[in-house]
Amino acid sequence: MRFAGLATFAIILAQPARADVVQATPTMFEIHQQVTIDAPLQQSWDALRSPQKWWSKEHTYSDDSANLYLDTQATGCFCERLPDKGSVEHAHIVYIQPPRLIRLTGALGPLQAEAVTGTLTFQLDAEGSHATRLTLTYLVTGFVRAGADTIAPKVDDVLAIQVKSLKALAETPPAPDPADKKE
């Protein structure tokens, strides 16, 4: 019984500090998630820029996160390579301010098949010299056949998985540089 309590506590700690569908109607929703990453701002930024290392393979078209890439400049693509020279644009960058903000537009996942516009913002703020507050906001508006309010909780859950994985990657100490080893 004690182990079950510890496991539940660990799961709670692993979740984003704050995840929320702020508002949802049949034609729009707003998701807001916030978490503190126990890593400096630059290390968190470097992790954010590498979605192939933190985006869940279960939420890709190719079933392989290694096929994801992010070209971190305005109009840069958050894209995925597919077999036979295919590709998917998940979103593209409309605003970037290293190491603090990336804003993308795109309809993620099943929203691509709907008539919607989405704006996904990742904002990073230093919390002292050894921590970073990540705030994710995803605003979606348009026509969703099942209603945007019905899909919003599912999108929130998927983004929470990504935020949790991004946090874990950013908190992983960088690998030692082999050039630094002395023989």
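Residues numbered from 1 in each chain as written. Predicted model: local features only at pLDDT ≥ 70, side-chain atom pairs only at ≥ 80, totals over all residues. Heavy atoms only, no water.

A separate point is the state of the cysteines. On inspection of all chains with the given rule, the structure shows one disulfide. Here C77 connects covalently by a disulfide to C79, the sulfurs 1.3 Å from one another. By the burial criterion, C77 is buried, and C79 matches it. (Disulfide = S-S within 2.5 Å. Buried < 20%, exposed > 50% of the residue type's maximum accessible area, 1.4 Å probe, protein only.)

Under the definition given, this model contains four aromatic pairs. Relative to Y138, the ring of F29 has its centre 6.2 Å away and its plane inclined at 70°; by these criteria the two rings are edge-to-face. One end of the pair, F29, is in strand 2 (residues 28-37); the other, Y138, is in strand 8 (residues 132-143), and 109 residues separate them in sequence. Classification of F29 by relative accessible area gives buried; the value is 0%. A ring pair is formed by W54 and W55, whose centres lie 5.5 Å apart and whose planes are at 55°; its orientation type is tilted. Neither residue differs from the other here; W54 and W55 are each classed as buried. (Phe/Tyr/Trp six-rings, centres within 6.5 Å; stacked < 30°, edge-to-face > 60°. Helix = DSSP H or I, 4+ residues; strand = E, 2+ residues; numbered from the N terminus.)

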